[in-house]
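# Breakdown of the fold
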Amino acid sequence: MPENAVTRVLLVDDEAPIRLLCRANLEYDGMQVMEAANGVAGLETARREVPDLILLGVMMPRLDGWEVAEQLRDDPRTSEIPIVFLTARSRLQDRTRGIDLGAVDYITNPFNPLELAPRLEALLARIRRGERDAMRRAKLAELRLELETYGEDGAPDPVLDDA
């Protein structure tokens, strides 16, 4: 992508307030935002528009974010679009599943909306430098360490806390 090109983000989430919050902050930072209120519309928009990045909710009717990510990965037109999950599902298993599905990041709600655009731009800059696989490996290593430290539910392990 040329240095002065506008970053195009597809925001897929069924919650209008989340879309509005993200849109306002991303557009303020100069990004172009496309919206889809469900997974089906998100897939259609991704295939038609081929955005630079997809910000994807998980809990949506008809076609959830997991299914959307799988279909995006299986489609040659969309398989290289970076996905960042944005969801209230913060369990370790959910975060691991998101990265396993090919996401480059996983943001849990609540989040600081002012940090969203800089975070996405930093991710895209690293991807442009060819660091996509390294980013995903690092994220998976971080999740594995958390699993070893806190267990599957992500809660502190009382045995470790007493040591």
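The notes below deal with the structure included here. Here the structure is a predicted model, which is why all the values come from computation and not from measurement.

## Things to note about the nonpolar core
Residues Leu 10, Val 12, Ile 54, Leu 56, Leu 72, Ile 83 and Phe 85 are the most contacted members of the largest nonpolar core, which totals 25 residues. Those elements giving two or more residues to this core turn out to be β1 (8–12), β2 (32–36), α2 (39–49), β3 (53–56), α3 (65–74), β4 (83–87), α4 (92–100) and α6 (132–150). No other element matches the four residues that α3 contributes to this core. Each residue touching Leu 56, except ones within four places of it in the same chain, is listed here: Val 12, Gly 65, Val 68, Ala 69, Ile 83, Val 84, Phe 85 and Leu 86. In terms of nonpolar packing, the next biggest core, distinct from the first, is built from 21 residues, Ile 18, Val 84, Leu 120 and Leu 124 among them.

## Quick look at the sheet that holds β3
Across the sheet, which stays open at both edges, the five strands sit in the order β2-β1-β3-β4-β5 with parallel pairing between neighbours. Two strands in the sheet have a free side with no partner beyond their single neighbour: β2 and β5 (105–108). Here the average twist between neighbouring strands, direction ignored, is 20 degrees. Where β1 and β3 come together, four bridges link them in parallel fashion. Across the sheet, residue Val 9 finds its bridge partner in β3, namely Leu 53.

Rules behind the numbers
Residues numbered from 1 in each chain as written. Predicted model: local features only at pLDDT ≥ 70, side-chain atom pairs only at ≥ 80, totals over all residues. Heavy atoms only, no water. Core = buried A, V, L, I, M, F, W, Y, C linked by side-chain atoms within 4.5 Å. Buried < 20%, exposed > 50% of the residue type's maximum accessible area, 1.4 Å probe, protein only. Helix = DSSP H or I, 4+ residues; strand = E, 2+ residues; numbered from the N terminus. Contact = heavy atoms within 4.5 Å. Pairing = 2+ DSSP bridges. Axes fitted to C-alpha atoms, helices over the stretch in contact; angles between N-to-C directions.

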